[in-house]
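A closer look at the structure
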Amino acid sequence: MFLDFEKELVELHQKISQLKRLYQLGEKEKEKDLRKLQREFRKKAKEIYSKLDPWERVQLARHPQRPHTIDYIGLIFKDFVELHGDRRFGDDKAIVAGFGYLDDLPVAIIGHEKGRTTKEKMERNFGMPHPEGYRKAIRVAKLAEHYCLPVITFVDTPGAYPGIGAEERGQSEAIAESLYTFGYLKVPVIAVVIGEGGSGGALALGVANVVLMLENSIYSVISPEGCAAILWKDQSKVKDASRALKLTAKDLLELKVIDAIVPEPLGSAHWDPVRTARILKRCIKKHLKPLLTKSPQELVNQRIKKFERMGIFVER
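Below, the structure is looked at part by part. The model shown is predicted, which means the values in this text are computed figures rather than measured ones. (Residues numbered from 1 in each chain as written. Predicted model: local features only at pLDDT ≥ 70, side-chain atom pairs only at ≥ 80, totals over all residues. Heavy atoms only, no water.)

Each helix and strand in the protein was counted, giving 14 helices and 8 strands. Over its C-alpha atoms the protein spans a radius of gyration of 21 Å, differing by no more than 12% from the 20 Å that the globule rule assigns to 316 residues. With the C-alpha coordinates aligned to their principal axes, the bounding extent of the protein is approximately 70 × 50 × 40 Å. Counting only residues that meet the buried cut, the protein has 48% of its 316 residues in that class. By element, 54% of the accessible surface of the protein is carried by carbon and sulfur atoms, the whole surface being about 16,400 Å². (Helix = DSSP H or I, 4+ residues; strand = E, 2+ residues; numbered from the N terminus. Rg over C-alpha atoms; globule rule 2.2 N^0.38 Å. Buried < 20%, exposed > 50% of the residue type's maximum accessible area, 1.4 Å probe, protein only. Areas by Shrake-Rupley, 256 points an atom, 1.4 Å probe, with all protein chains shown as cover.)

Have a look at this one:
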C-alpha cells in the first residue's frame, strides 16, 4: 500500500514484482534486470524519504500496515503473559499489559494497541483507551515496581477516548493517576513512541527515564486536524498545523522532549517490521543498561528533573 508521496515507487515496485515472478518460474536471465531495478527502487526510496515534510510523516505514523504494540511484543520479547482488567470496571483492549522477557531479563510491557482488521479495531476502540485501560496500566506498573522489574511502554494512540461513558468513569482522573504513578515508579521506565502519540492519552504512558521515538512516528499535544480546526477553522490547513506543532522525532529531539530517535529501515517500519524490531530492541537494551545500575531514588529524581527541564515557566 503506497501513499501519495510514494507514487514514483509504484511503477518500479510493479516491475520488480513481475520480474520476481518470472525469475521464480525459472527465467534466471532476468536476475540482472531484477537487481538493477531493485537498486533503482532503493535509490528512489532513499531520495523520497530523505525530504519528507511533517504531514507526510503523520501519514506514515498512521499507516495501516505499520507495526503495532502486539507485533513488537512478539518480535522483541519472549514468553509474554498478558494480564487483563483494572479490578474495578472491566478490561480495555485498547491497552495491552503484561510481563515477558527481554532476552533473559524479566520486564513489564504496557502499550496502546489499535488493532489490524476492522473487527479488531472495533474491539480495541482504534487504540483510544477508556479509564479502565489506564487503570490496568497502573496496576501492571505497580506490580512491576513490587517485583523490581523494569517497565517498557509503547505509545501509539490518537488520544484517550472522549466519550460520555469514559468521562463518567473518570477519564481525566485515570490519566492523572497514570502520570503520577509512572512519574514516581522506583524502577527503570523506557517509553517508545512507535506510531501516533496523541495528547494526554499518549503522555499517560510516556512519563519515563528515557523516551525514544521511531523515526517516522509523531508526538503532539493535539492532532494536526484538531489544530487546524481550532486555529484556522479550515481542514485544508493540516500541513501548516503539522509544521507548527513540531511533532516529528527530529523536532522533538531538538526540543529535548525525547532522548533519542530510533532509525527505521529504508522506507518505513511497515516495509520491514522484523528489522525494525531488531533495531528497536538494540536501542531499548542500550538505554536500559545504565538505568539498571541506579538506585530507586536516583531513578525517580532523574525522571522528575527530566520533565521539569521541559518548557519555560515563571514562578510568582
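Turning next to the packing of aromatic side chains. A complete count under the given rule lists 6 aromatic pairs for this structure. Residues Tyr 49 and Trp 271 carry aromatic rings whose centres are separated by 5.8 Å and whose planes lie at 75 degrees to one another, so their mutual orientation is edge-to-face. One end of the pair, Tyr 49, is in helix α2 (residues 31-49); the other, Trp 271, is in the loop between β8 (260-262) and α13 (273-291), and 222 residues separate them in sequence. What makes Trp 271 partly exposed here is its relative accessible area of 27%. Three or more aromatic residues joined by ring pairs make a cluster, and in this case those are Phe 5, Phe 41, Tyr 49 and Trp 271. Just above the ring of Phe 89 sits the side chain of Arg 169; from NZ or CZ to the centre is 4.4 Å. (Phe/Tyr/Trp six-rings, centres within 6.5 Å; stacked < 30°, edge-to-face > 60°. Lys NZ or Arg CZ within 6 Å of the ring centre and 35° of its normal.)

At a minimum axis separation of 8 Å, helix α6 (residues 131-146) and helix α8 (residues 171-183) run at an interaxial angle of 20 degrees. One finds that α6 runs roughly parallel with respect to α8. Seen from above, α6 lies across α8 with left-handed handedness. For the pair α6 and α8, contact is made by Pro 131, Tyr 134, Arg 135, Ala 137, Ile 138, Ala 141 and Lys 142 and by Gln 171, Glu 173, Ala 174, Ile 175, Glu 177, Ser 178, Thr 181 and Phe 182, respectively. (Axes fitted to C-alpha atoms, helices over the stretch in contact; angles between N-to-C directions. Parallel < 35°, antiparallel > 145°, perpendicular 65-115°, else oblique. Left-handed = near helix turned anticlockwise from the far one by under 90°. Contact = heavy atoms within 4.5 Å.)

What follows concerns the pattern of salt bridges. Under the defined criterion, the tally for this structure stands at 18 salt bridges. Residues joined in a network through salt bridges with shared partners are Arg 62, Lys 114, Asp 156, Glu 196 and Glu 225. (Salt bridge = Lys/Arg side-chain N within 4 Å of Asp/Glu carboxyl O.)

Moving on, we get to α13. Its 19 residues place the ends of α13 27 Å apart at the C-alpha level, agreeing with the 27 Å of an ideal helix rising 1.5 Å per residue. Where α13 is concerned, the buried positions are Thr 276, Ala 277, Ile 279, Leu 280, Cys 283, Ile 284, His 287, Leu 288 and Leu 291. Seen along its axis, α13 keeps its buried residues to an arc of 165 degrees; they face one direction. Facing away from the buried side of α13, by more than 90 degrees, are the exposed residues Arg 282, Lys 286 and Lys 289. (Expected span 1.5 Å × (residues − 1). Arc of directions from axis to C-beta.)

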